Amino acid sequence: MPAHTNTAMPDANLIQLLDNFDREEILNCMQCGFCLPACPTYRQTGKEAASPRGRIALMKAVVDRQLDVDGEFEDNMYLCLGCRACETACPAGVPYGSLVETARDVVERNKEHAGGRSAVRDFVFAELFVHPDRLDRLAGMLWASQALGLQKLADKTGLINILPRPMREMQTAVNPVASPWQRMKRETVVPPEPAFGRSEGKPLRVGMFKGCIMDVMFFETNQATARVLSKAGCEVVFVEEQACCGALHAHSGEKNGAIELAKRNIEAFEAAGVDLIVNNAGGCGAALKEYHHWFHEDPKWQARAMSFVSKCRDANELLAELPALSFRRELSGVRITYQDSCHLAHGQGVRTQPRHLLQSVPGVEYVEMMEADRCCGSAGIYNITNFDMSMEVLDEKMENVKATRAHVVVTSNPGCLLQMRKGIQRAGAEAQMEAVHIMDLLDRVL
């Protein structure tokens, strides 16, 4: 399969990098092809190298020193959406997500060694996402630009065209962000609501993992989640010392940065003394629940990570473990469908819980979407870095969305929510349909 081979032995640094690959897991791939119809990029291109099976073959060629860690290898690894649908389809249980993260880590470390790293990339991963206070300032800047009408002015005058096309396109799906004053008014602890009569004895104390992008773009969804959990009888704690989950770092070949963020979160939630750790973003949750795998060479931290992981719950998952919610409103005549978050469905195995929650809302007509667990094309920042492929995947997804004739498309992940909004715009269906996070919907009817 490799298009070309090495003509020289790799240097010592590259040999050490290649040791990061789990050769046993690479060899566990039977090349059976069950993953092919599950893979969005293979469906769009029909190319073997754009499939999980093909990418694993490329990894094996690199490990066997038959293929360079070059631009072609990098392109194939980053064309992957990381949706992990192939893991659900794989009869051998190959942990493809972990393998592609390792491949990207090898790519980035090799580029760093060769001096080919982007300064912008280094700033984003080393200077922005690791500093919650800087993300807060970013949120304030976004609010100011919206409040002053700069976004509309840029659209009207054409100044928006100075931005790269992916950013121009995706900014239309962004709703108004919370003001600095709204953010400052957040309660650190949200007590259980006694009016709902849900608490028996000591309430469950849950730490709210607020995320980074989630808390910038969807601050009100985090607030809604806290209110829903409060009505479910929980005491909700916003742990201020927490950091980004590390998913964006891990998926982008920045494994060392991901590990440092994981350590900060483990320490923060240990100190908070919470019973459980809850999140409302499928991508964040999948990363949080895999922290113990990131410390396989560090037994001390791995033990702490395993304790952390044992407490992690998606909000849908936690609500399913608690007594049924008592709704105070109906949504009569509203047709709802559900779009699975890839990392919630394939990464965490949480599928039935959000559907049961939606079906329990009085008055709704729930319609199951065909291939609801197929990727929508968001995949973290994929719709920025691989915009054209992302839109191809989205347009295919929207055919299934439109077929439901739903008034509301519900999802459980911020990236999916933005992508669904963009899909509704592209389909010209804004007058008939809206995209909503499931916690916002539950908050409406509670």
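Report follows, based on the coordinates. (Residues numbered from 1 in each chain as written. Predicted model: local features only at pLDDT ≥ 70, side-chain atom pairs only at ≥ 80, totals over all residues. Heavy atoms only, no water.)

### Digging into the packing of helix H16 (residues 255–272) against helix H18 (residues 299–310)
The relative placement of two packed helices comes down to the angle between their axes together with the axis-to-axis distance. Viewed as axis vectors pointing N to C, H16 and H18 meet at an angle of 60°, and their least axial separation amounts to 10 Å. The pairing of H16 with H18 is recorded here as oblique in orientation. Pair H16 / H18 crosses with left-handed handedness. On H18, the residues that touch Lys263, Asn265, Ile266, Glu267, Phe269 and Glu270 of H16 are Trp301, Arg304, Ala305 and Phe308. In terms of residue class, the contact of H16 with H18 is made up of five nonpolar, one polar and four charged. (Axes fitted to C-alpha atoms, helices over the stretch in contact; angles between N-to-C directions. Helix = DSSP H or I, 4+ residues; strand = E, 2+ residues; numbered from the N terminus. Parallel < 35°, antiparallel > 145°, perpendicular 65-115°, else oblique. Left-handed = near helix turned anticlockwise from the far one by under 90°. Contact = heavy atoms within 4.5 Å. Nonpolar A, V, L, I, M, F, W, Y, C, P; charged D, E, K, R; others polar.)

### With respect to a nonpolar patch on the surface
Where nonpolar side chains cluster on the molecular surface, the patch consists of Ile162, Leu163, Met167, Ile381 and Ile384 and spans about 430 Å² of accessible area. Turning to its location among the elements, Met167 is positioned in helix H11 (residues 165–170). (Patch = residues over 30% accessible without salt bridge, like charges linked within 9 Å, V, L, I, M, F, W, Y side chains within 5 Å. Areas by Shrake-Rupley, 256 points an atom, 1.4 Å probe, with all protein chains shown as cover. Salt bridge = Lys/Arg side-chain N within 4 Å of Asp/Glu carboxyl O.)

### Quick word on helix H25 (residues 438–445)
Most of H25 is tucked away: seven of the eight residues are buried. Among the residues of H25, those classed as buried are Ile438, Met439, Asp440, Leu441, Leu442, Asp443 and Val445. Buried residues along H25 sit against helix H14 (219–231), helix H19 (315–321), strand S6 (335–338), helix H21 (352–359), strand S8 (408–411) and strand S9 (434–437). (Buried < 20%, exposed > 50% of the residue type's maximum accessible area, 1.4 Å probe, protein only.)

### Notes on the side chain of Thr337
Along the chain, Thr337 turns up in strand S6. Excluding anything up to four places from it in sequence, Thr337 contacts Tyr366, Val367, Glu368, Met369, Thr404, Ala406, Val408, Val409 and Val410.

### Focus on the nonpolar core
Cys245, Phe269, Tyr291, Trp294, Phe295, Phe308 and Met420 are the most contacted members of the largest nonpolar core, which totals 61 residues. With eight residues, H16 is the largest single contributor of residues to this core. Counting residues in each nonpolar core, the second largest holds 38 residues, with Ala226, Leu229, Val236 and Leu318 among its members. (Core = buried A, V, L, I, M, F, W, Y, C linked by side-chain atoms within 4.5 Å.)

### Quick look at the pattern of salt bridges
Evaluation of the coordinates by the stated rule reveals 33 salt bridges. Across the salt bridge formed by Arg109 and Asp105, the nearest N and O atoms sit 3.2 Å from each other. With Arg109 and Asp105 both in helix H7 (residues 96–114), this residue pair falls four residues apart, about one helical turn. Since its relative accessible area comes to 28%, Arg109 is described here as partly exposed. Judged by relative accessible area, Asp105 falls into the buried class, the value being 7%. Here the salt bridges do not stand alone but share partners, grouping Arg43, Glu371, Arg374 and Glu396 into one network.

### Examining the layout of surface pockets
Of the volumes computed, that of the second largest pocket is approximately 300 Å³. Elements with a contribution of two residues or more to the lining of the second largest pocket: helix H9 (132–147) and helix H12 (180–184). Per element, the largest residue contribution to the lining of the second largest pocket is three residues, and it comes from H9. Residue composition of the lining of the second largest pocket, by class: eight nonpolar, three polar and six charged. (1 Å grid on protein atoms, 1.4 Å probe; cavity = no way out; pocket = protein on both sides within 12 Å on 5 of 7 lines; lining within 4 Å. Points joined across faces, edges and corners; volume = space filled by probe spheres on them.)

### As for the pairing of S9
In the sheet, S8 pairs with S9 via four bridges, with the strands oriented parallel. Pairing of Thr411 across the sheet is with His437, part of S9. In this region the chain leaves S8, passes through helix H24 (residues 414–426) and returns to the parallel neighbour S9; the handedness of that crossover is right-handed. (Pairing = 2+ DSSP bridges. Right-handed = clockwise from strand over helix to strand, strands pointing away.)

### Digging into the sheet that holds S6
An order of S7-S6-S8-S9 is seen for the four strands of this open sheet, with the pairing classed as parallel. Strands with a single pairing partner mark the edges of an open sheet, and in this sheet they are strand S7 (365–366) and S9. Strand direction decides the pairing type here: S6 and S7, joined by two bridges, are parallel. By the bridge assignment for S7, Ile336 is matched with Tyr366. Together, S8 and S9 form the strand contacts of H24, whose direction differs from that of S9 by roughly 175°. Against the sheet, H25 touches S6, S8 and S9, its axis set at about 85° to S9.

### Thoughts on empty space enclosed by the protein
Per the counting criterion, the structure on display carries five cavities of 30 Å³ or more. In this model, the largest cavity occupies a volume close to 140 Å³. When residues in the lining of the largest cavity are grouped by element, the largest group, three residues, is from helix H4 (residues 52–63). Among the residues forming the lining of the largest cavity, the class breakdown is 13 nonpolar, three polar and one charged.

### Details of the sheet that holds strand S5 (residues 312–314)
Spatially, five strands are ordered S1-S3-S2-S4-S5 in an open sheet, and the strand pairing comes out mixed. Taken across any chain shown, the strands that pair with only one partner, and hence form the sheet edges, are strand S1 (189–190) and S5. Bridge analysis of S1 against strand S3 (residues 234–238) gives two bridges, and the strand direction is antiparallel. Counted as the bridge partner of Val190 is Val236 from S3.

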